[in-house]
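Examining the three-dimensional arrangement
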Amino acid sequence: MNVLRPGSVREALGMLADEPTAIPLAGGTDLLVHWPANHAGRDATYLDLGRPGELRAHHWTDKALVLGGTTTYWDVIRDPRSARDLPLLVDAARQVGSVQIQARGTWAGNIANGSPAADGVPVLMAYDAVVVVQSERGVEEILLSEFYLGYKDMRLAGDQLIREIRVPLAARTGQRFEKVGSRRAQAIAKVGLATSHSEDGWRVVAASLAPTVRRCPSVEALFDSDGAAGSVEDVEAALAADVSPIDDIRSTAEYRLRVAARLLFFGNA
Amino acid sequence: MAKLTGRELYVDDLPSADHLWGATVRSPSPRGRITAVEFDPSIDWSEFVIVTADDIPGRNAVFLMEYDQPALADGYVRHVHEPVVLLAHPSRDIVRRAAALVTVRVELEAPVLDFCAVPEAGGIQHGTDNVLKHILIEKGDIEAALAAAPIVVEGEYFTGSQEHVYLETQGMRAHVDGDVLVIQGSMQCPYYVVKALVPLLDRDEAGIRVIQTATGGGFGGKEEYPSMIAAHAALLSLKSGRPVKLIYDRWEDLAVTTKRHPSRVRHRTGVDSDGRLLAQDIEIVLDGGAYVTLSPVVLSRAVIHAGGPYACDAVRIDGRAMLTNSAPFGAFRGFGAPQAFFGLERHMDVVAARLAMDPAAFRRVNLIRDGQQTGTSQTISDGADRLEVLDTALAACRWGTRREQIRRHNESHPLAKRGLGLAVFHHGAGFTGNGEVMLQSVVHVAATPRGGVEVRAASVEMGQGTTTIFTQLAAERLGLDPDTVEVAQPDTHRVPDSGPSVASRTAMVVGYLVEQACDDLRRRLGLTDAARGDAVAEAIRTWYAAPGQEELVGEATYLQPSHVEWDEETYRGDAYGAFAWAAYVAEVEVDLKTYSTRVTDFVAVQEIGRVLNQTLATGQIQGGVAQGIGWALLEDFSWRDGAMQNCQLTNYIIPTSDDLPPIRVEFLETPYSHGAQGAKGIGELPMDGPGPAIANAVAHALGVPAVAIPLTPERLMAEHDGLAAREAS
């Protein structure tokens, strides 16, 4: 494997401009999962983001939490303000793998990996997070809920890096994160849900129920229209219009849809 | 201590200069003739050592019970992942990539994948009916007893497979030292490897030396399969003339090595209205996979335990192990008994429900009392109080009170249902019937010059505590300081064949031989049996003080206890010299939002003769219960063409510590005269109870059938919502 080791963001962007097939590498936790069987991955070129210190730090403005391109889950868990102002970030971060994974894995990596079963992406999306991407061509801001185009397909060109993620602060009157894994810890989500409610209305985000993590407009409309949905069957019908779960190695489409509906209904009942 | 500090060397860690890395090219198809093996022309294959079936000097079979399983497929494959070609190269990375560039072409024939279906004519691959082994146990007149029984209850039960998930994946290193082929690796049974290599390589035992390296868990998974890997490493090393390491990564280990036999168990049970068992008609079918391997003996243990620890005058147990085109299923802690007990003990709750009896009370009526007989007509008279085992478990969980509390809880909690389930069972320790006589196990205890001893046996330490137990037994027998007792690393050119490290036999059978060998040593020193401690150490030092004195070794060979009589033809008699007896209770809570089940409390009570080491014994029970919880609730397989698809620990789900309840362990002790210090085997016992106890608890919580495990949330959702739909209509 070839590894490029830029010392700064500027240098990293230059390298990516020259070699846009290089794969940005932060915590490496997604790469390692498939490494033993990933023969092609051994021939790839990686852009190691471990050195540019300016990517790591997160900071708070009066309107938002700004996560750096290599801010880890653990960085957020350790910041006492997170649990107070954006508690779902902490809830989700603590559900990621093990403590070791939380210490290495990054929020931007979670977004760029594009897994439909991501733990970090649903809560960011439920908070209306904005992805700030940068290349030598300039800076672009994209709403996370509009970032994905399809399975592992996203609005991130080969020469672009996720520079930061802006998570707006807002007065939220309800927020929940639910992850159903195959066991209580160190599991990949069979169903993931993040919901929040503010004056802008409901945000309902589903993971492991479609090719991408995505908002569920029909369920949001149902919740917005009557606060508490009438029955679990109503929620399941609305959800079915929003998502397209599949049978795979971890679960079944039927289970995913029904359990998501039950969690949404009984969680908000 | 070496393990604790990370200094221990497992086979993959062995320093090895100038060695090659091996890799295995496997069949992509479940069944058919090999039409071609294609080597990708983009690679320079002259850099590689390549071994095929043509390179095998002796008979192409990994011998254990039969010669039917080839070490390398020779023109025909019977399961996906069957080994076809071996490669070796100095680079581990290159050899792995190269293995993916060899293509095995197979003219596919219809595989047999359902072990319960009657095979079609074109699917017959063993005998006339694909039955690898058939066993029938009969006692009394079953048809008459069923006809006369006022109540007959039928049931059908299924168990899934299970992977061992030892922490250390399998691996072997082979090299040639002069005239001797040396095999080092992770294994439970060094002499099994020798016996498999002798016909394969056409060498005698003197030309094969097998050394067990530190073994990171086995659970049965390193009973027979290491012989296959050793065969492959040996063939590569013999052809190349260089040391070869063949180490499986987790994916390969999960995909290709043996697993627990899937089963279907059917019961037809006659009872009277007082709950007395009048007839037990039991049928067991196991999925054996593509070759015989150990399936006949796994089936044997299943049928022998199938009637449970209950007295019943009319019993028929009909067992079959069936060939399918899956990778062979093999030894796994419990060895057929967990499957049999899942069917039996889940069924006991079903029968109790039909009788409107408390499940514990129903079992109490039928539990074997001293003087009564098991299904194989073995008279039990060991003095153990089986009622006390049951009562101790019921008291620990406050059975009656708790069932009532749970009933009230469930009335007021529509989304969180609790249940309490019981399983009562037994487990025979050591080889079945005359098996121990056939093994003729030998143990040596050698005096060491500084006045201590070295225990020499082929029984391995694999995390279960063999080293500690043997040290303790020898030290206590001779009154020596444990620091002066050593346990030899199993090495077939240095230790005698004390048999395989399986069947809950190491502490009970081999440990007893350690004691006998200590006694023999003492006699050879000219001491009386009363001599202990300093007297023994001094006598040893005196022995070695004489110049040129030869090594002094005490020896013991297994002798069948006189009370054991077994008829292999009729499967009647004393199946085991001793049984451990147990009653387990699981409490569960099922979350009806997600249909997931959490075990919230677990009580494990067992009578095991004598507790040799409280810490180790408790650890064995807790570990076995944890493994049983995984089998009952989590460990599910995605199969395609008989091959496992979910070959990573991210999608083959075993419990974490957070998935486990407090596991409350209690021991009762009634010493067994032919076990070390009175001990009976316990290694496998704890695997038998959790499956049915948990399924019974889930059935208690939800009223669902719970007749198949694992009870994954997906399966429970189907059962629960199906039940709700039927009730609504």
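If you're wondering where the values come from, they're calculated on a predicted model, not measured in any experiment. (Residues numbered from 1 in each chain as written. Chains lettered and ligands numbered in written order. Predicted model: local features only at pLDDT ≥ 70, side-chain atom pairs only at ≥ 80, totals over all residues.)

1. Focus on the overall build of chain A
Scanning chain A from N- to C-terminus turns up 11 helices and 14 strands. What you see for chain A is a C-alpha radius of gyration of 18 Å, in line with the 18 Å of a compact globule of 269 residues. Counting only C-alpha atoms, chain A reaches 55 × 45 × 35 Å along its principal axes. Within chain A, buried positions represent 46% of all 269 residues. At a minimum sequence separation of 6, the contacts of chain A that also span at least 24 residues come to 61%. (Helix = DSSP H or I, 4+ residues; strand = E, 2+ residues; numbered from the N terminus. Rg over C-alpha atoms; globule rule 2.2 N^0.38 Å. Buried ≥ 20, exposed ≤ 12 C-beta atoms within 10 Å, placed from the backbone. Contact = placed C-beta atoms within 7 Å.)

2. Some points on helix H13 (residues 506-524) of chain B
Residue and element names in this part refer to chain B. If you check H13, its first and last C-alpha atoms are 25 Å apart, about what 19 residues at 1.5 Å a residue would give, namely 27 Å. Of all 19 residues in H13, 15 are buried, a share of seventy percent or more. Immediately beyond the C-terminal end of H13, within one or two residues, lies glycine 526, with a positive phi of roughly 80°. (Expected span 1.5 Å × (residues − 1).)

3. Section: the interface of chain A and chain B
Contacts between the two partners involve 22 residues from chain A and, on the opposite side, 23 residues from chain B. It is helix H11 (residues 253-268) of chain A that contributes the most residues to the side of chain A that touches chain B, 6 residues altogether. Of the residues that constitute the side of chain A that touches chain B, the class distribution is 11 nonpolar, 5 polar and 6 charged. (Nonpolar A, V, L, I, M, F, W, Y, C, P; charged D, E, K, R; others polar.)

4. Some thoughts on the sheet that holds strand S20 (residues 553-557) of chain B
Residues and elements named next belong to chain B. Pairing is mixed in the open sheet, where 4 strands are placed in the order S19-S18-S17-S20. Looking at which strands have only one partner, the edges of the open sheet turn out to be strand S19 (485-487) and S20. Here the strands of the sheet are splayed against their neighbours by 20° on average, with no regard to which way each runs. As paired elements, strand S17 (residues 442-448) and strand S18 (residues 452-456) share 5 bridges and run antiparallel to each other. Its bridge partner being in S18, valine 445 is matched across the sheet by valine 455. Sheet strands touched by helix H12 (residues 466-478): S17, S18 and S19. Its angle to S19, the strand with the most contacts, is close to 145°. (Pairing = 2+ DSSP bridges. Axes fitted to C-alpha atoms, helices over the stretch in contact; angles between N-to-C directions.)

5. Considering the confidence of the model for chain B
For chain B, the mean per-residue pLDDT works out to 97, and 100% of the residues sit at or above 70. Scored as a whole, the predicted complex attains pTM 0.97, and scored at its interfaces, ipTM 0.94. (pLDDT = per-residue confidence, 0-100.)

6. Describing the pairing of S18(B)
Residue and element names in this part refer to chain B. With respect to burial, S18 is a largely interior element, 4 of its 5 residues being buried. As consecutive antiparallel partners, S17 and S18 are separated by 3 residues, and within that stretch glycine 451 has a phi angle of approximately 100°, a positive value. Looking at chain direction, S18 and S19 are connected through 3 bridges and run parallel. In the strand pairing of S19, valine 455 is matched with valine 487.

7. Some words on the packing of H12(B) against H13(B)
Residue and element names in this part refer to chain B. The contact between H12 and H13 brings their axes to 9 Å, and the two run at 35°. You can see that H12 and H13 cross each other, and the crossing is right-handed. Contacts between H12 and H13 pair Thr466, Ile469, Phe470, Leu473, Ala474, Arg477 and Leu478 from the former with Thr506, Ala507, Gly511, Val514, Glu515, Cys518 and Arg522 from the latter. (Left-handed = near helix turned anticlockwise from the far one by under 90°.)

8. Let's talk about the domain arrangement of chain B
Residue and element names in this part refer to chain B. Taken domain by domain, chain B comprises domain 1 (388-427 + 576-729) and domain 2 (435-557). Each of domain 1 and domain 2 was reduced to a C-alpha centroid, and the two centroids are 38 Å apart. Opposite the 16 residues of domain 1 that make contact, domain 2 presents 14 residues. Partitioned by chemical class, the residues of the side of domain 1 that touches domain 2 number 6 nonpolar, 8 polar and 2 charged. (Domains from an automatic or database assignment.)

9. Focus: the environment of Thr324(B)
All names here are of chain B. For threonine 324, the position within the fold is in the loop between strand S15 (315-323) and helix H7 (337-355). Between the C-alpha atoms of threonine 324 and proline 262, which are 62 residues apart in sequence, the distance is 11 Å. Among residues more than four places away in sequence, those in contact with threonine 324 are Val112, Leu113, Phe115, Asp287, Gly289, Ala290 and Gly642.

10. Here's the deal with the packing of helix H6 (residues 295-305) of chain B against H7(B)
Residues and elements named next belong to chain B. The N-to-C vectors of H6 and H7 enclose an angle of 30°; their axes lie 7 Å apart at closest approach. By the angle between their directions, the pair H6 and H7 is classed as roughly parallel. Crossing handedness for the pair H6 and H7: right-handed. Here H6 contributes Arg301, Ala302 and His305 to the contact with H7, which in turn contributes Ala337, Gln339, Ala340 and Phe341. (Parallel < 35°, antiparallel > 145°, perpendicular 65-115°, else oblique.)

11. Considerations on helix H3 (residues 190-201) of chain B
One turn of the α-helix equals 3.6 residues, which is why residues spaced by three or four share an orientation. Residues and elements named next belong to chain B. Its 12 residues place the ends of H3 16 Å apart at the C-alpha level, agreeing with the 16 Å of an ideal helix rising 1.5 Å per residue. Of all the residues in H3, the buried ones are Pro190, Tyr191, Tyr192, Val193, Val194, Ala196, Leu197, Leu200 and Leu201. Against strand S10 (180-185), strand S11 (208-212) and helix H4 (225-240) lie the buried residues of H3. Remark: aspartate 202 follows H3 within two positions and exhibits a positive phi of approximately 55°.

12. Things to note about the sheet that holds strand S11 (residues 172-180) of chain A
All names here are of chain A. The 4 strands lie next to each other as S11-S12-S13-S14, forming an open sheet whose pairing is antiparallel. With one partner strand each, in any of the chains shown, S11 and strand S14 (214-215) form the two edges of the open sheet. Summarising the sheet, strand S12 (residues 191-198) and strand S13 (residues 201-207) pair through 7 bridges and their orientation is antiparallel. Opposite glycine 192, over in S13, you have alanine 207 as the bridge partner. Together, S11 and S12 form the strand contacts of helix H5 (residues 87-94), whose direction differs from that of S11 by roughly 10°. Here helix H9 (residues 217-226) sits on the sheet and contacts S13 and S14; the angle it forms with S13, its principal contact strand, is near 145°.

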